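Here is how the chains run, residue by residue.
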Amino acid sequence: MLYLYLKLKLLILRRIFKEIRFFYGIIILFFFVLLSAVMIKIENHWVVPVTCILILGYYNNSRKDRNFLKLLTNHSTMLLTQEYFVLSLPFICIELVRRNFLDSLGIILVVFILPHMKEIKTTYIPVKLQFLYKGDLEYIRMFRQCFWVYILLLLFSIMGLLNNNVKIPKACILIWGLLETTGYADLPNKLYLLKFRNFKTFCNFYIKSSLWNAGLFLLPFIIMLLIYHCEMESVLFTLIAYINTIFYMLGMNLLRQLTSSSIFLIILQAILLLPFYIFACFLPYLLLVEITFLILLSYLVYKNINYLWNK
Amino acid sequence: MEQIEINHLSENFGKISVLKDISLKYNKGMIYGLIGENGAGKTTLFKCMMGLYTYTGEIKKAPDIAIGYLPADNFFYTLVTGLEYLQFCIKAKDCKIDYEKIKTLNGLFNLPLNRYASDYSTGMKKKLALMALLLQENDVYILDEPFNGIDLKGCIQLKKIIKNLKNEGKTIIISSHLISSLHEICETIHYLNRHIIYKEFHEESIEEIEAEIINSL
């Protein structure tokens, strides 16, 4: 059964590479090699086992074929253990080469425990969020999922400012901007787009939504910075971060209309939007380039989805 | 001859009781129906029978019987064609792949087996999962809402297939909201209501069954 299962998985992997095409396949391979090199080079002996356990844990928790496999074989737990062992082999090898025998033993132990663990389901209480821009369901969903992170970031910022470290709230603002954009990381449903009157309404809706939502959650950070560190540099930074976040959210929202593959969307985001987001904070004139890019992107999306409104 | 015997089965999800003291017997070569409101516990009962849920009580199965389960929502790996899915399901159950049989069966279902299964329509997905079950040569078939999403022709064929399976001596357990379809093919229909087997129907007409359901609500 393991041979059969791995054969199927390899077939899927081969097809994924075929689907995403050679160029993007090479990019993914490059990132994979880079990650492996970092893993080997890194000196802290906790990094490799923790990374391995986190990856396996996420994979185990998010897999949807558990019941399907249970129906096919009486030894599904054994099958999952074997699969996790194969997946963790590179990490175990790295640890063995570095003579961290205890760590590799720990990984093997987790491999045996994971298949017995039940799926951890997170429940989100449907609290009414009247203060958010109404209708932007992606943002509402993101906020319900990441509310606790926002509170943590606020706390970190306060702690940073109390210790005269202005870099911490700035980093928190950037992290929150990144999290806000994850709301738009899912592929859109064409039926959802049909809820809009036309492409113009669609654009207006998301511009207003981004302006309101991003501004609303940036406000506590701005107030904090003004109270504890009222300098022109901080004010400028928050202003740039605000514009930058709006551009990133809009860019992501447009970009996802152009692709039908989640992997492709992640790659495009990493190549096109993320560099703008990071570097524009330090080189504000990049915002001008970004706005040109967004206009171009809007045109491409218009060409791509306007048929939905029969125009 | 009993294929499956359920004694005093109960199932709770936290504090919510889903099934209470269920006792049932499923005999060889019979077709059984299971009806009940949404959330009555039909799928939970099936999942308990398949060992997907833990439960209190007892489920006895005849030795060496193969049970095939068609869930209401089937799982399909992405980027795997219909044929590859069938091959995987057959091999995983240690059966031999009979391409002639696949071809004959697909003559009924008309599925594009060389296309990715995850791209199929709801009805096509159901047909493919059912095809896999039929090719696995099971002794008992548990079908959870098999008529859902299937077109008119598909429903007629499905009923024919179920009757043929019965003639081959297989046991079939079907859950559905289509009382007329169940009435047409089932010898016994169990009505699951308020977490218990509320009533068992044998010879009653559709009108009588419907009246009983309405009165019970």
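Definitions and limits used
Each residue is numbered by its place in its chain's sequence as written, counting from 1. The order in which chains are written sets their letters, starting at A; the order in which ligands are written sets their numbers, starting at 1. Local features are withheld for residues below a pLDDT of 70 in this predicted model, meaning they are given only at 70 or higher, and side-chain atom pairs are given and counted only at 80 or more; totals for whole chains, interfaces and linings count all residues. Water and hydrogen atoms play no part in the side-chain values, which are based on all heavy atoms of the structure. Here a helix means four or more residues in a row that DSSP labels H or I, a strand means two or more in a row labelled E, and each is numbered from the N terminus. A simple rule labels every residue: compare its accessible area, found with a 1.4 Å probe on the protein chains alone, to the largest value its type can have, and call it buried under 20%, exposed over 50%, or partly exposed in between. The contact criterion used throughout is that any non-hydrogen atoms of two residues lie within 4.5 Å. Every accessible area reported is derived by Shrake-Rupley at a probe size of 1.4 Å, with residue values counting cover from the shown protein chains alone. By the counting rule applied here, Lys and Arg register as positive and Asp and Glu as negative, while His and the ends of each chain are not counted. Think of each charge as sitting on NZ of Lys, CZ of Arg, CG of Asp or CD of Glu. By the convention used here, strands pair only if DSSP detects at least 2 bridges between them. Axis geometry follows a simple rule: fit a line to the C-alpha atoms, using only the stretch in contact for helices, then measure angles between N-to-C directions, giving values from 0 to 180 degrees. Buried area is calculated as the accessible area (1.4 Å probe) missing from two parts once they are joined, with the contributions of both summed. Salt bridge criterion: a side-chain nitrogen from Lys or Arg within 4 Å of a carboxyl oxygen from Asp or Glu. Each angle is binned into one of four classes, with values under 35 degrees roughly parallel, values over 145 roughly antiparallel, values of 65 to 115 roughly perpendicular, and all other values oblique. Definitions for this section: a left-handed crossing has its near helix turned counterclockwise from the far helix by less than a right angle. A right-handed crossing has that turn clockwise. Here the term charged refers only to Asp, Glu, Lys and Arg, the term nonpolar to Ala, Val, Leu, Ile, Met, Phe, Trp, Tyr, Cys and Pro, and the term polar to all other amino acids, Gly among them. Take the residue count of a helix, subtract one, and multiply by 1.5 Å to get its expected span. One fitted axis covers the seven residues ending at a residue, a second covers the seven starting there, and the bend at that residue is the angle between these axes. Here a polar contact is recorded for every N or O atom pair within 3.5 Å, except that within protein the pair must consist of a potential hydrogen donor and a potential acceptor, and residues adjacent in sequence are included only if both atoms are side-chain atoms. The criterion for an aromatic pair is that two Phe, Tyr or Trp rings (for Trp, the six-membered ring) have centres within 6.5 Å, with stacked assigned to planes under 30 degrees apart, edge-to-face to planes over 60 apart and tilted to the rest. A ring is considered to have a charge above it if a Lys NZ or an Arg CZ atom is located within 6 Å of its centre and within 35 degrees of its normal. Throughout this description, the term nonpolar core refers to a set of buried Ala, Val, Leu, Ile, Met, Phe, Trp, Tyr and Cys residues connected via side-chain atoms within 4.5 Å.

Along its length, chain A carries 12 helices and 0 strands. Counting helices and strands in the order they occur from the N terminus, chain A gives α-α-α-α-α-α-α-α-α-α-α-α. Taking all 311 residues of chain A together, 41% fall into the buried category. A fraction of 75% describes how many contacts in chain A between residues 6 or more apart in sequence connect residues 24 or more apart. Counting only carbon and sulfur atoms, one obtains 72% of the accessible surface of chain A, whose full area is about 18,600 Å². Across chain A, the 29 positively charged side chains and the 14 negatively charged ones have centroids separated by 10 Å.

This paragraph deals with the sheet that holds strand 3 (residues 31–36) of chain B. All names here are of chain B. Strand order in the open sheet formed by 6 strands is 5-6-7-3-8-9, and the pairing between neighbours is mixed. Each end of this open sheet is capped by a strand with a single partner; those strands are strand 5 (67–70) and strand 9 (196–201). Here the strands of the sheet are splayed against their neighbours by 20° on average, with no regard to which way each runs. Sheet topology note: the strand 6 (residues 140–144)/strand 7 (residues 171–175) ladder contains 5 bridges and is parallel.

Our next topic: the interface of chain B and chain A. Taken residue by residue, the interface counts 20 residues in chain B and 19 residues in chain A. A buried area of about 1,800 Å², summed over both sides, lies between chain B and chain A, and 72% of it is on carbon and sulfur atoms. Considering only the surface of chain B that becomes buried against chain A, B:Tyr77, B:Leu79 and B:Phe88 emerge as the three largest contributors, covering 36% of it. If you look at where chain B meets chain A, you find 1 salt bridge.

So, about the packing of helix 11 (residues 262–280) of chain A against helix 12 (residues 286–305) of chain A. Residues and elements named next belong to chain A. At a minimum axis separation of 9 Å, helix 11 and helix 12 run at an interaxial angle of 155°. Comparing the axis directions of helix 11 and helix 12 gives the class roughly antiparallel. Seen from above, helix 11 lies across helix 12 with left-handed handedness. Of helix 12, the residues touching helix 11 (which contributes Leu 272, Leu 273, Phe 276, Phe 279 and Ala 280) are Leu 286, Leu 287, Val 289, Glu 290 and Phe 293. Residue composition of the contact of helix 11 with helix 12, by class: 9 nonpolar, no polar and 1 charged.

Attention now goes to the packing of helix 10 (residues 232–255) of chain A against helix 11 of chain A. All names here are of chain A. Between helix 10 and helix 11, whose axes approach to 10 Å, the crossing angle comes to 165°. It follows that helix 10 is roughly antiparallel to helix 11 by the angle criterion. By crossing handedness, the relation of helix 10 to helix 11 is classed as right-handed. Facing helix 10, whose interface residues are Ile 240, Asn 244, Thr 245, Tyr 248, Gly 251, Met 252 and Leu 255, helix 11 presents Leu 265, Leu 268, Gln 269, Leu 272, Leu 273, Leu 274, Phe 276, Tyr 277 and Ala 280. Counted by class, the contact of helix 10 with helix 11 contains 12 nonpolar, 4 polar and no charged residues.

All names here are of chain B. Of the strand pairs in this sheet, strand 8 (residues 188–193) and strand 9 are connected by 5 bridges, and their pairing is antiparallel. Counted as the bridge partner of Asn 193 is Ile 196 from strand 9. Counted along the chain from strand 8 to the antiparallel partner strand 9, the turn is 2 residues long, and its residue Arg 194 has a positive phi close to 50°.

Before going further, it helps to spend a moment on the pattern of salt bridges. All names here are of chain A. Throughout the structure, instances matching the rule amount to 14 salt bridges over all chains. When the shortest N-O distance is used, the salt bridge between Glu 138 and Arg 256 registers 2.4 Å. A residue pair is termed long-range when its members are at least 10 positions apart, and Glu 138 in helix 6 (residues 137–162) and Arg 256 in the loop between helix 10 and helix 11 qualify at 118 residues. Overall, the relative accessible area of 7% leaves Glu 138 in the buried class. One network of salt bridges, with partners in common, ties together Arg 63, Asp 65 and Glu 83.

Residues and elements named next belong to chain A. In this model, helix 9 (residues 199–228) (30 residues) spans 43 Å end to end at C-alpha, consistent with the 44 Å of a helix rising 1.5 Å per residue. Residue Leu 219 marks the point of greatest curvature in helix 9, where the axis turns by about 35°; the proline Pro 220 follows within four residues. N-cap assignment for helix 9: the residue whose side-chain oxygen lies 3.2 Å from the backbone N of Lys 200 is Asn 198.

A word on the environment of A:Ser62. Tracing the backbone shows A:Ser62 in helix 2 (residues 47–62). A distance of 2.8 Å separates a polar side-chain atom of A:Ser62 from the backbone oxygen of A:Tyr58.

Here we take up the packing of aromatic side chains. The geometry of two aromatic rings is summed up by the distance between their centres and the angle between their planes. Tallied over the entire structure, the rule returns 33 aromatic pairs over all chains. An angle of 85° between the planes, with centres 4.8 Å apart, marks the rings of B:Phe75 and B:Tyr77 as edge-to-face. Residue B:Phe75 is classed as partly exposed on the basis of its relative accessible area of 21%. Put simply, the rings of A:Phe131, A:Tyr139, A:Phe143, A:Phe147, A:Tyr150, A:Trp176, A:Phe217 and A:Phe221 touch in pairs and so form one group of aromatic residues. Looking at A:Lys170, its charged tip hangs above the ring of A:Phe237, at a distance of 5.2 Å from the centre.

Let us look at the pairing of strand 2 (residues 16–27) of chain B. Residue and element names in this part refer to chain B. In this structure, strand 1 (residues 2–13) lies alongside strand 2, joined through 8 bridges in antiparallel fashion. Opposite Phe 13, over in strand 2, you have Ile 16 as the bridge partner. Two successive antiparallel strands, strand 1 and strand 2, enclose a turn made up of 2 residues, where Gly 14 displays a positive phi of approximately 65°.

What follows covers unusual backbone geometry. Phi angles above zero are rare outside glycine, and A:Arg99 is one such case at about 60°. The topology assignment puts A:Arg99 in the loop between helix 4 (76–97) and helix 5 (101–113). Notably, B:Glu145 is not glycine yet its phi reads approximately 50°, a positive angle. Mapped onto the fold, B:Glu145 is located in the loop between strand 6 and helix 5 (152–167). Judged by relative accessible area, B:Glu145 falls into the buried class, the value being 11%.

All names here are of chain A. Along the chain, Thr 238 turns up in helix 10. Among the polar contacts made by the side chain of Thr 238, one reaches the main-chain carbonyl oxygen of Val 235 at a distance of 2.8 Å. The residues contacting Thr 238, other than those within four sequence positions of it, are Ile 173, Leu 218, Ile 222 and Leu 225.

Okay, the nonpolar core next. Counting 70 residues, the largest nonpolar core has B:Tyr85, B:Leu86, B:Leu128, B:Leu143, B:Ile162 and B:Ile174 as its most contacted members. No other element matches helix 4 (residues 122–135) of chain B, which puts 8 residues into this core. Those residues in contact with B:Tyr85 that lie beyond four places of it in its chain are A:Phe68, B:Phe75, B:Phe76, B:Val80, B:Leu128, B:Ala129 and B:Ala132. Judged by nonpolar contacts, the second largest core, of 58 residues, contains A:Leu254, A:Leu265, A:Leu287 and A:Leu308.

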